[in-house]
Each structure stands twice: as C-alpha cells, then as structure tokens.
Amino acid sequence: MNTKSLGRLAAGLLAAMALVAATVALGSSGRDDPPAPAADNFSPYVTKDGVISRPTDYRDTFEYLGSYAVATKPDRPLDEMHVVYARPEDIRAYRRDGKFPDGATLVKEVTGIGSERLTTGQSHWAADVKLWFVMIKDAKGRFPGNDLWGDGWGWALFLAKEPARNVATDYSSDCRTCHVPARKDDWVYVRGYPALKK
Ligand code: HEC
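Residues numbered from 1 in each chain as written. Predicted model: local features only at pLDDT ≥ 70, side-chain atom pairs only at ≥ 80, totals over all residues. Heavy atoms only, no water.

- The chain appears in an unreviewed UniProt entry as Cytochrome P460 domain-containing protein from Aquisphaera giovannonii.

**A few points about the coordination of the iron atom of the ligand**
For a metal with four tetrahedral donors the ideal donor-metal-donor angle is 109.5 degrees, whereas six octahedral donors ideally subtend 90 or 180 degrees.
Part 1 of the argument: For the iron atom of the ligand, the protein contributes exactly one donor atom, His 179 (NE2), at 2.1 Å.
Part 2 of the argument: Following the sequence through the fold, His 179 ends up in helix H4 (residues 171-179). (Donors = N, O, S within 2.8 Å, 3.2 Å for Na, K, Ca; no water. Helix = DSSP H or I, 4+ residues; strand = E, 2+ residues; numbered from the N terminus.)

**A look at the site of the ligand**
Part 1 of the argument: Around the ligand there are 21 residues in total, and His 82, Cys 175, Cys 178, His 179 and Tyr 193 lie nearest to it.
Part 2 of the argument: At 2.9 Å, a side-chain N or O of His 179 approaches a nitrogen atom of the ligand.
Part 3 of the argument: One of the side-chain nitrogen or oxygen atoms of Tyr 193 is found 2.5 Å away from an oxygen atom of the ligand.
Part 4 of the argument: Mapped onto the shell around the ligand, the elements with two or more residues apiece are strand E1 (63-70), strand E2 (80-86), strand E3 (105-118), strand E4 (121-137), strand E6 (153-159) and H4.
Part 5 of the argument: In terms of residue class, the shell around the ligand is built from 17 nonpolar, two polar and two charged. (Near = heavy atom within 4 Å. Polar contact = N/O pair within 3.5 Å; in protein donor to acceptor, adjacent residues only side chain to side chain. Nonpolar A, V, L, I, M, F, W, Y, C, P; charged D, E, K, R; others polar.)

**Points about the packing of aromatic side chains**
Geometry of an aromatic ring pair is reported as the spacing of the ring centres plus the angle between the planes.
Part 1 of the argument: By the definition in use, this model includes ten aromatic pairs.
Part 2 of the argument: For the ring pair Tyr 64 and Tyr 85, a centre distance of 6.4 Å and an interplane angle of 70 degrees mean the geometry is edge-to-face. Of this pair, Tyr 64 sits in strand E1 while Tyr 85 sits in strand E2, placing them 21 residues apart in sequence.
Part 3 of the argument: Residue classification places Tyr 64 among the partly exposed residues on the basis of a relative accessible area of 46%.
Part 4 of the argument: For Tyr 85, a relative accessible area of 14% translates into the label buried.
Part 5 of the argument: Between the aromatic rings of Phe 143 and Trp 149, the centroid separation amounts to 4.6 Å while the plane-to-plane angle is 45 degrees, which identifies the pairing as tilted.
Part 6 of the argument: Pairwise contacts between aromatic rings join Phe 42, Phe 143 and Trp 149 into one cluster.
Part 7 of the argument: Here the guanidinium or amino end of Arg 54 rests over the ring plane of Trp 132, the centre of that ring lying 3.9 Å away.
Part 8 of the argument: Across the ring face of Phe 42, the terminal group of Arg 142 is positioned such that the distance to the ring centre comes to 3.8 Å. (Phe/Tyr/Trp six-rings, centres within 6.5 Å; stacked < 30°, edge-to-face > 60°. Buried < 20%, exposed > 50% of the residue type's maximum accessible area, 1.4 Å probe, protein only. Lys NZ or Arg CZ within 6 Å of the ring centre and 35° of its normal.)

Have a look at this one:
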C-alpha cells in the first residue's frame, strides 16, 4: 500500500468513526433524556429554544432565600407558604453586586399549611407542595419573540400533579402584572429574602 492509499484509508476510518459518534449522540437524545442545554451553556434548566425545565435538584444544591406566609383570601387564615430558593453562586453574586447574575435561578415552592397549637403558640408550617414558580435571569435577551421570556427573565410554572411541564404560556398575562410592584428590584420581591442582605 502506498502513502496515498494509506492516507485515504485513514480518512475513511476517521469518517466512519465520526459517523459512529454522531449516531451514538443522536441515540442518546431520546425523548426520555433531559433536554439539551442552550448552546452557550447559559443554564442547565433551559434548552437552546428557551424551554424551561424545573430544577429538580433545588433541595440538594440550592440555598434557602426566605419565605412568605400568605392568606390568599381576605379575612381567612393563612393557607399558603411560599418558600424561595436560589443557587449559592447567585446569592453570592447578589450580595457582591446588588443584582442577579445572568443565569440566576429562583424557585418558589408553594405549599399548603398545617396549623396547630404547639408548646410555642399557634404554629403554622409548610405542608404538601402544590406548585413551583421558576424565574431564570437572562441578561442578554436570548429569546426574542418567546412569550415565556421578557423583562430580563424566563418565567415558568410547574404543578405538583404534572411536575415536568411548564404550564405558563405567556409571562405578560400569567406573571408580569403581579410582579410590577417589584419592578425596581428587577421584578423580584427581595424584601422577603434575608439571605440577599450583606
Ligand atoms: C397573584 C399575583 C402573582 C402572580 C400571578 C405571579 N406572581 Fe410570582 N410572586 C408574587 C408575589 C407577591 C411574590 C412574593 C411574595 C409572595 O410569594 O407572597 C412572588 C414571588 C415569586 C417568585 C420568588 C422570587 C420573587 O420574585 O420574589 C418567583 C420565582 C415567582 N414569583 C415567579 C412567578 C412566575 C414565573 C409567575 C407566572 C407563571 C408568577 N410568579 C406569577 C405574585 C405573583
């Protein structure tokens, strides 16, 4: 075999290997796998098309930001606990820079409430999780024209009975109006989060 045909053989082998690699990669992107992250490694919870998935690891890897106890109906007892988490690096960046960094991920867990007279007094605690609100900071406006992205954030809502699907469809009607009072704080109700204070 001369050098030229050796070269051709090597090229052929390389092409075959590339084909195998591509097939393996394709095979692993089956429907049950987590969606591929955005190209610039923006967020592990966002695909390149801006689809947001629920951070299932938040209780292991996120830190507690703070909580709100809420009576959702006028003149009725507390009926929800809102417990908010963020990633440690987001909290560190906020304390340093006074703002949320690109990719910052906020999870608000909404639970029912248990209440009983304990030895401390009338005590309330977080019962079963009903749903999760998620906000993901996008400082670069990556998803123009996507109704779940705007005002510098991606917005999502997951229900406990179907936790893998974002049921929000348009943040401007599903989320934005309610967050207008927090606009000056980048749409986040920071007053309830002692972990953000220096
Ligand atoms: C009924 C009004 C209302 C709606 C609708 C609403 N929010 Fe909120 N949200 C609030 C308020 C008020 C807080 C903070 C106080 C609390 O939870 O009681 C909050 C807090 C949050 C938090 C915790 C971080 C923060 O901003 O303080 C996230 C995350 C969040 N909302 C995401 C969303 C998303 C995503 C949507 C739409 C799918 C949405 N919210 C819709 C009123 C609302």
